Amino acid sequence: MNKDTLEKIFEYASMPVHGTLSRKLRKGVTLQVNEGRIYEGAVLFLGDGFIRVSEQREDSVNTYYGWENIQSIRTIGKNDLQGTGTS
């Protein structure tokens, strides 16, 4: 995948954080990079040469990915099918 495509996927899964260059994952959307950890409520920074994923756990955790090292991105959204008659 090229960088432009990857950026569009990250942008789809997130929204801008006011007053910063960072983006926060949308409510109900989780993200998985390279079949690794599943991120929920994380903040993304899309730099020229890297992506930073920041999480608040017991400590602040920052994970960095090089654009060229990303093989896959999975976005997972909550499925709201209750009451629609679809199972």
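Scope of this entry: the structure provided in the associated data block. (Residues numbered from 1 in each chain as written. Predicted model: local features only at pLDDT ≥ 70, side-chain atom pairs only at ≥ 80, totals over all residues. Heavy atoms only, no water.)

### Some words on the sheet that holds strand β7 (residues 60-66)
The five strands lie next to each other as β1-β2-β5-β6-β7, forming an open sheet whose pairing is antiparallel. In this open sheet, the two strands that pair with only one neighbour each are β1 (14-16) and β7. Neighbour-to-neighbour, the strand axes of this sheet turn through a mean angle of 25 degrees, independent of strand direction. With four bridges connecting them, strand β5 (residues 43-46) and strand β6 (residues 50-56) associate as antiparallel partners. In the strand pairing of β6, L44 is matched with V53. (Pairing = 2+ DSSP bridges. Helix = DSSP H or I, 4+ residues; strand = E, 2+ residues; numbered from the N terminus. Axes fitted to C-alpha atoms, helices over the stretch in contact; angles between N-to-C directions.)

### As for the pattern of salt bridges
Overall, the coordinates contain four salt bridges when judged by the stated rule. Among the salt bridges present, the one from E35 reaches R74, with a minimum N-O distance of 3.3 Å. Linking E35 in the loop between β3 (29-33) and β4 (38-40) with R74 in strand β8 (residues 73-77), this pair joins segments that are 39 residues apart in sequence. Using a relative accessible area of 39% as the deciding quantity, one classes R74 as partly exposed. Where E55 meets R37, a salt bridge forms, and the shortest distance between an N and an O atom there is 2.9 Å. With E55 in strand β6 and R37 in the loop between β3 and β4, this pair connects stretches of sequence that are 18 residues apart. Here E55 falls in the buried class, since its relative accessible area comes to 7%. (Salt bridge = Lys/Arg side-chain N within 4 Å of Asp/Glu carboxyl O. Buried < 20%, exposed > 50% of the residue type's maximum accessible area, 1.4 Å probe, protein only.)

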